[in-house]
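Per-entry structural report
Take a look at the letters that make up each chain.
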Amino acid sequence: MSITLLTFLGRVPKGEKGYRTTCYDFGDGTASRPVTFFGWLLQERVAADRLVIMGTAGSMWDNIFEQDIPFDQDAEDARLKLMEAAEARAVTAELLAPLQEPLSRRLGCEARLELIPYCRDEREQVDLLAIMAKHVSPGDAVHIDITHGFRHLPMIALLAALYLEKVRKARIAGIWYGAFDPDTGDAPVHNLVGLLHIAEWIEALH
């Protein structure tokens, strides 16, 4: 059985010093190291064998290869092209493909970079379900991270969890959200997998 982490990559304002870093708390009262992308911490915590980072053409793909993980000269040309495209919000699958192997080496697990639609209508939402399903094998333990996605993605993520459970025969181990409070600077981490259990209860009642 493999552990698969599906995580979304959004876009936030970028300052002179790069993207904002956050220290997350998984509930033990201890703050994590500062990171710009919550997926790195979650990948370490759940010991994922496969990390799938999903983002649109306008997501902050440059962040993946810029602040949190040092790459030195590794795949420098491919990274520079990606950064230019990210600034123009014009990232393509062809730009992401050559960077999967360098990222896999750095993380010590299989890393996949997946371009997804904006999920603005039913067709694009169904396409997202299919994209997520192709990275999940029967029997996988699946974690879904919605921290950096669009505001409407949590609803889609819940449906995706039900879909993966029924169609791909996966076990949904967590639906994660790192909640940053701009007033206090706190960032507690919540596991929303209980919502999936409620949906299963409703199905059983029906």
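Use the structure listed above.
Reading guide: rules and limits
Residues numbered from 1 in each chain as written. Predicted model: local features only at pLDDT ≥ 70, side-chain atom pairs only at ≥ 80, totals over all residues. Heavy atoms only, no water. Helix = DSSP H or I, 4+ residues; strand = E, 2+ residues; numbered from the N terminus. Rg over C-alpha atoms; globule rule 2.2 N^0.38 Å. Buried < 20%, exposed > 50% of the residue type's maximum accessible area, 1.4 Å probe, protein only. Contact = heavy atoms within 4.5 Å. Areas by Shrake-Rupley, 256 points an atom, 1.4 Å probe, with all protein chains shown as cover. Lys, Arg positive; Asp, Glu negative; His and termini not counted. Charge placed at Lys NZ, Arg CZ, Asp CG, Glu CD. Phe/Tyr/Trp six-rings, centres within 6.5 Å; stacked < 30°, edge-to-face > 60°. Lys NZ or Arg CZ within 6 Å of the ring centre and 35° of its normal. Axes fitted to C-alpha atoms, helices over the stretch in contact; angles between N-to-C directions. Left-handed = near helix turned anticlockwise from the far one by under 90°. Nonpolar A, V, L, I, M, F, W, Y, C, P; charged D, E, K, R; others polar. Salt bridge = Lys/Arg side-chain N within 4 Å of Asp/Glu carboxyl O.

Remarks on the overall build of the protein chain
Regarding its fold elements, the protein chain presents eight helices and eight strands. At 17 Å, the protein chain has a C-alpha radius of gyration in line with the 17 Å of a compact globule built from 206 residues. Within the protein chain, the fraction of its 206 residues that count as buried is 47%. Nonlocal contacts in the protein chain, meaning residues at least 24 apart in sequence, comprise 67% of its contacts between residues at least 6 apart. Summed over its atoms, the accessible surface of the protein chain is roughly 10,600 Å², and 53% of this surface lies on carbon and sulfur atoms. Charge separation in the protein chain, taken as the distance between the mean sites of 21 positive and 30 negative side-chain charges, equals 3 Å.

So, the packing of aromatic side chains
The full count for this structure, using the stated rule, is four aromatic pairs. Aromatic pair Tyr-24 and Phe-38: ring centres 4.7 Å apart, planes at 55°, arrangement tilted. In this pair, Tyr-24 is assigned in the loop between strand E3 (18–19) and helix H1 (38–46) and Phe-38 in helix H1, connecting sequence segments 14 residues apart. Note on Tyr-24: relative accessible area 2%, which makes it buried. Centre to centre, the rings of Phe-37 and Trp-40 are 5.1 Å apart; their planes meet at 85°, and the pair counts as edge-to-face. Across this residue pair, the class does not change: Phe-37 and Trp-40 are buried. Taken together, the ring pairs in this structure connect Tyr-24, Phe-26, Phe-38 and Trp-176 into an aromatic cluster. Sitting above the plane of the Phe-180 ring, Arg-20 keeps its charged end 4.0 Å from the centroid.

Section: the packing of helix H7 (residues 153–167) against helix H8 (residues 193–205)
The N-to-C vectors of H7 and H8 enclose an angle of 65°; their axes lie 10 Å apart at closest approach. Every pair of crossing elements has a handedness; the one defined by H7 and H8 is right-handed. Mapping the contact onto sequence places Leu-158, Ala-161, Leu-162, Glu-165 and Lys-166 in H7 and Leu-195, Leu-196, Ala-199, Glu-200 and Glu-203 in H8. Its residues placed into classes, the contact of H7 with H8 shows six nonpolar, no polar and four charged.

Remarks on the environment of Pro-188
Inspection of the secondary structure puts Pro-188 in the loop between strand E7 (171–178) and strand E8 (189–191). Each C-alpha atom, one on Pro-188 and one on Leu-129, is 28 Å from the other, the two residues being 59 residues apart in sequence. With residues up to four places along the chain from it excluded, the contact list for Pro-188 reads Asp-25, Tyr-177, Gly-178 and Ala-179.

So, the pattern of salt bridges
What the rule picks out here adds up to seven salt bridges. We note a salt bridge from Glu-101 to Arg-105, for which the minimum N-O separation is 3.3 Å. Remark: Arg-105 and Glu-101 occur in helix H5 (residues 100–107); sequence separation between them is four residues, near one turn of the helix. A salt bridge links Arg-112 to Glu-110; the shortest N-O distance between them is 2.5 Å.

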